[in-house]
Amino acid sequence: MGDEEPKVWRTLHLKFTLPRADTEQLLSMMRAAVPFYQLFGNARFRLLRNADDPTKFIQVIEYETPESFELNRQSMASDARFQTYLQMWRAMLPGALEVDVYQEV
């Protein structure tokens, strides 16, 4: 066994409302962001649409990251690449973008 740093899994939810949703454009944006999230290690993505209100979406991003990086998540929030990604989402979304990070218990 090497002395590889321990990793943790996190689930990121980006919640938003998009009145005239172009799901192909949303999926294209998600695919464009894959290289950014791969910086953290393993990452999986899904786009969910609310079954009762098709204007509401949740982008689910599950990622594995070194424990030390996760402990300093504020540095990620200030990362220029992450800010660019959020700006891309905010430019597309007329309303608020809610971001939640979850850990498994």
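Residues numbered from 1 in each chain as written. Predicted model: local features only at pLDDT ≥ 70, side-chain atom pairs only at ≥ 80, totals over all residues. Heavy atoms only, no water.

**Q** What's the story with the overall build of the protein in this structure? I'm lost.
**A** For the protein, the count of helices and strands is 4 helices and 4 strands. Put simply, the protein runs from its N terminus to its C terminus through helices and strands in the order β-α-β-β-α-α-α-β. Put simply, the protein has 105 residues, and 31% of those count as buried. Put simply, the protein shows about 6,900 Å² of open surface, and 50% of that area lies on carbon and sulfur atoms. (Helix = DSSP H or I, 4+ residues; strand = E, 2+ residues; numbered from the N terminus. Buried < 20%, exposed > 50% of the residue type's maximum accessible area, 1.4 Å probe, protein only. Areas by Shrake-Rupley, 256 points an atom, 1.4 Å probe, with all protein chains shown as cover.)

**Q** Looking at this structure, how should I read the sheet that holds strand β4 (residues 98–102)?
**A** Sheet strands associate in pairs through backbone hydrogen bonding, adopting either a parallel or an antiparallel arrangement. Pairing in this open sheet of 4 strands is antiparallel, and the strands run β2-β3-β1-β4 from one edge to the other. Because the sheet does not close on itself, it has two edges, and the strands there are β2 (43–49) and β4. Pairs of neighbouring strands in the sheet enclose a mean axial angle of 15°, with direction left out of account. Both strand β1 (residues 7–17) and β4 contribute to a ladder of 5 bridges, which runs antiparallel. In the strand pairing of β4, T11 is matched with Y102. Seen against the sheet, helix α1 (residues 23–38) touches β1, β2 and β3 (56–66) and runs at an angle of roughly 160° to β2. (Pairing = 2+ DSSP bridges. Axes fitted to C-alpha atoms, helices over the stretch in contact; angles between N-to-C directions. Contact = heavy atoms within 4.5 Å.)

**Q** Where do I start with the confidence of the model for the protein in this structure?
**A** Across the protein, the average pLDDT comes to 79, with 83% of residues at or above 70. For the protein, the element scoring lowest by mean pLDDT is helix α3 (residues 73–77), at 64; β2 scores highest, at 89. (pLDDT = per-residue confidence, 0-100.)

**Q** Looking at this model, I keep getting lost on the environment of Y85. Mind explaining?
**A** Secondary-structure assignment places Y85 in helix α4 (residues 80–92). With 55 residues separating them along the chain, Y85 and M30 place their C-alpha atoms 9.8 Å apart. Discounting chain neighbours no more than four positions away, the residues touching Y85 are L14, A33, Y37, Q59 and I61.

**Q** Before we go on, may I ask you to explain the pattern of salt bridges in this structure?
**A** Once their charged atoms are close, side chains differing in charge can pair, the charge on each being opposite to the other. Counting across every chain of the model gives 4 salt bridges. For D100, the salt bridge is made with K15, and the minimal N-O distance between the two is 3.3 Å. Note that D100 is positioned in strand β4 and K15 in strand β1, a separation of 85 residues in sequence. Each of the salt bridges in this network shares a partner with another, and the network as a whole consists of K15, E98 and D100. (Salt bridge = Lys/Arg side-chain N within 4 Å of Asp/Glu carboxyl O.)

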